[in-house]
Structure formats: structure tokens, C-alpha cells
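Survey of secondary and tertiary structure
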Amino acid sequence: MDYPLNTNTMAKVGIFFCFLLAITANCSNSVVSDQARTQVQPPLSSPGGSVPKGEEVKEQGEKGRPAAWETGTYVPMLMGKRLALVVNQTSTIGSTHLVDSLQSLGLDLKKIFAPEHGFRGAADAGATIADGRDVRSGLPIKSLYGKNKKPSAADLADIDVVLFDIQDVGARFYTYISTLYYVMEAAAEQGKTVMVLDRPNPNGHYTAGRTLDYPEARSFIGIAPIPVVHGMTVGEFARMVNGEGWLVGGVRAKLEVITMPGYDHQQVYDLPIPPSPNLPNQHSIYLYPSLCFFEGTAVSVGRGTRKQFQLYGHPKLRYGDIRFTPTPGPGSADPKLNGELCRGVDLSKMSLEELRQAEWQLDHLIRAYQDLTEQGIKFFTRPDHFDLLAGGPELRTMIENGNQAHQIQASITDNITAFGQQRAPYLLYP
């Protein structure tokens, strides 16, 4: 359904109402700035409020819902500001896109910045995203993926606030946090404000994998010195980037984070919208931090099938309970092992609870390495890419040297502990 305020008259009434409530009410929602100050802004419970009339949060309830729903908190802060939105298909309030909701409220939206996979989230991984115009809103779309991953001074010249609202999955190499990093850097350089509407992290209940501590391993799939699984929401990540001075030149963005009332890191969050074409469901999201390493090897991780990041295989693999043939399709224009019959392992048969408890798994990677190398098949077909995913050469070297998963995990225990201590001041939720 559409957001309740759809006419100019009702939009003006809604804006006045939320502004009035913002001034007079005594209750508060959290708005965390870069200086950790709290601003008192009440939620709206009438048309134009935090929950579109008739909508429900799918299976989540109101506790810990995405901050985009808290319009009574942030809409008054955006009045009279010229806005750019960093958004994609996940940027919704219920079934209504954030762009449509904010435009119906009469806010001054100037442009859309599109991340990897594009504004509607249909582009293949790594595909060039072209500039364009959104037919529904009429807003120009500027790509932040391809040659220009960072907004230019010209892009921000007519902007006061850049609003970021994209669903992340909690893995270092998932590029939406890299887009946020560059947006913050550009905003800091141009004296603009970044507002993050926080969203739950479906893999926020744990941390795993070595921290990226090699300058040569820094890339768009590894933008900051954090572990493979960092356990932060995008708002917490933004605070850490600012607080640790990670932006180039040590610049710091003027940052506002709109938080999620009642959220905690152990909360199970079933994403209502696939965050990208090859993460189609919750199984793939839980498995992604473990299986993505196959992208740097000879093994298929299911691109070109209907079980992307839920299975893996190779034509010469000597074990596994399934057969599959990758073929071109949406989100996979030219999948690895295109047209080749593969034998492999189907992990979609595991329950969601099993996958959640399993957390970060290296056994599948090590077993496939051993099986294929024993046959003389080159496993690390893209070693440089594998090292970028891993944040350095250690993981690949340890696998090549015959280390088992428990040995690799033990070798990074101190690293993970140190990161947890470094991260603690920036966490917003228990």
C-alpha cells in the first residue's frame, strides 16, 4: 500500500503535526550524533507517523524495527534541508519505498545515489551501474558503483544532508558499507551532514575472521580494518569509522545515526526484501560470510542456480549429494562454470537455527581445497581476489599448509578479542 500522505495538503498537515509533536512531547527516541548527543524527538502515531497505517513489520513486531519507520524522530530534522538519498530496493517503510514516503511528506529531495546492484537492486555483482532518472519520483540517479564510487564536490554542491538507508548483511566484503564509507568521506570534505537510518544486522550476533590489517588488502570489498564478520549495524560502523579516524586524511563527517528502539544484537531478523540478486533468502545471508571465499577459487557457489550462496560444487568434486549446472540468469550474466555439470553440497537443507548457530565455517572451504588439489586441480584460481576477501594472505597460506579450521580459528582469537575492545565505544545496542 502507499504511504498514508499522498496529497500536498495532507503532506503539509503531516509535517506540521510531526513538528509540533517534536517540540512539545516529553518522550524520546534515540538520535546519536558524532558527539553522542541525544535529541528528543517523539514518534508519530497518526498519519505521517513512524508506522504507515495498515502496515505490519513482517514477523518482527515493533521492537527493533528499522529506523526508517521512526519518521517522527528524523523528519523534523530534515525540514528545510536539501536531501540526497543513498538507497536501494531494501529502503522501505513497510511496502512503501523511503523515496516515495519522504517525497509525499514534502521534503526537498534532490537526487538518489545508487550503490552496487543499482537503485532497484537488479544488477549483477560487479556490473557497471549507469546514471539515470527514477520514473516514479522524477529524481536523478547518480551511480556510486563503477568508476566513481565517491560523490564528487559537484554531486554535493546542492545538498545539505545525505540520508543513508540500505540493508546490510554484516560481512566486510559486502560493499554497501564501503559506499557508506566513501559517502562519509565526501561529506566530511564538503562540509555536509550524513544521516544514517539504522537497520538490523542479520549476522550481528557474532564476530569472526581476521581483521583487515594489510594496506595492500584494502579495497572496495575491504574498506576498513574490521573482521570478516564485524557484528555491527551500519550506524555503529559509521560511528567507528568516524571515531577511529579511518577516513582519508583523518577527516570526520558530521554524523547523525537514527537508532532502532529495542534492538539488540542477538535479535533474529528475517530480511523481508533480498538485499541483492544473489542473496535471495535468509539461508544465503547466514552462509554468505563463509561461502563467499569460494569466489576466489575454482568452485562455484551457486551463482547461476536458484540456490546462490546455499550450495557449492565443481565438475571434479568427488563428494556431495547434488548435481547442478550454472546457467545465465538474473544477477548472473556469466556464472562461474557456466554450462558445466557440477557435483556439490547443498547447505540449504540445514535449518535456519542450525546455520545461525554454526556462524563462520571454514570446513567446506578446506575440504574442497583438499579434494581438488589431490587431483592436481588448481584451487585458488584468483589468489589475489581471495586475499582481498580474506583481508590478507594468511588464510590462503594456512589452508595451503594443511591447517584445519580449528587451528585457523585459534590463530585469530587474540585478533578478534582486540577488535571487540576497540569496537565497544561505538556500539549502540546490547
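Owing to the predicted nature of the structure, the values given are computational and were not obtained by experimental measurement.

With that out of the way, let us pick up the confidence of the model for the protein. The pLDDT averaged across the protein works out to 87; a share of 84% of its residues lies at or above 70. Note on residues 1-29: pLDDT under 50 across the span, and 62 contacts to partners over four residues away in sequence or across chains. Taken as a whole, residues 35-61 scores under 50 in pLDDT and shows 76 contacts with residues more than four places along the chain or in a different chain.

A few words now on helix α2 (residues 71-78). α2 sits mainly inside the fold: eight of its eight residues count as buried. Among the residues trailing α2, G80 stands out with phi positive, at a value near 75°.

Moving on, we get to the sheet that holds strand β13 (residues 342-346). Sheet strands pair by backbone hydrogen bonding; their relative direction is either parallel or antiparallel. Strand order in the open sheet formed by three strands is β11-β13-β12, and the pairing between neighbours is antiparallel. Because the sheet does not close on itself, it has two edges, and the strands there are β11 (311-314) and β12 (322-324). Adjacent strand axes in the sheet meet at a mean angle of 40°, parallel and antiparallel pairs treated alike. As defined by bridge partners, β11 adjoins β13 across four bridges and the pair is classed as antiparallel. Bridged to Y312 within β13 is V345.

Its place among the elements puts K111 in strand β5 (residues 108-114). A polar contact of 2.6 Å, which involves the side chain of K111, links it to the backbone oxygen of D155. Filtering out sequence-adjacent residues up to four positions away, K111 remains in contact with L83, A84, L85, L139, P140, A154, D155, D158 and I159.

The next point concerns the packing of aromatic side chains. Within this structure, the stated rule accounts for 16 aromatic pairs. Ring centres of F293 and W360 lie 6.1 Å apart, and the angle between their planes is 65°; this geometry places the pair in the edge-to-face category. Placement of the pair is F293 in the loop between α7 (282-291) and β11 and W360 in the loop between α8 (352-358) and α9 (363-374), with a sequence separation of 67 residues. On the basis of relative accessibility, which here comes to 6%, the residue W360 falls in the buried class.

This part is about the pattern of salt bridges. All told, the structure shown has 15 salt bridges when counted by the stated rule. R303 serves as the salt-bridge partner of E295, at 2.6 Å between the closest nitrogen and oxygen. Comparing E295 with R303 shows no difference in burial state: the two are buried. For R396, the salt bridge goes to D387, with nearest N and O atoms at 2.8 Å. Residue classification places R396 among the buried positions, given a relative accessible area of 17%. Sharing partners across several salt bridges, the network here consists of K150, E185 and E189.

Turning next to α7. Side chains that are three or four residues apart share a direction in an α-helix, a result of its 3.6 residues per turn. Of all the ten residues making up α7, ten are buried; the element is thus mostly covered by neighbouring parts of the structure. Among the structural elements, β11 and α8 are those in contact with the buried residues of α7. At the N-terminal end of α7, a side-chain oxygen is found 3.2 Å from the backbone nitrogen of H283, two or three residues along, and the residue is N281.

Let us look at unusual backbone geometry. Located in the positive-phi region is L337, a residue other than glycine, with phi close to 60°. Mapped onto the elements, L337 comes out in the loop between β12 and β13. By relative accessible area, which is 15% here, L337 ends up buried. In the Ramachandran plot, E359 falls in the positive-phi region, its phi being about 55° despite a non-glycine side chain. Counting through the fold element by element, E359 comes out in the loop between α8 and α9.

Each value, and the rule that gives it
Residues numbered from 1 in each chain as written. Predicted model: local features only at pLDDT ≥ 70, side-chain atom pairs only at ≥ 80, totals over all residues. Heavy atoms only, no water. pLDDT = per-residue confidence, 0-100. Contact = heavy atoms within 4.5 Å. Buried < 20%, exposed > 50% of the residue type's maximum accessible area, 1.4 Å probe, protein only. Helix = DSSP H or I, 4+ residues; strand = E, 2+ residues; numbered from the N terminus. Pairing = 2+ DSSP bridges. Axes fitted to C-alpha atoms, helices over the stretch in contact; angles between N-to-C directions. Polar contact = N/O pair within 3.5 Å; in protein donor to acceptor, adjacent residues only side chain to side chain. Phe/Tyr/Trp six-rings, centres within 6.5 Å; stacked < 30°, edge-to-face > 60°. Salt bridge = Lys/Arg side-chain N within 4 Å of Asp/Glu carboxyl O.

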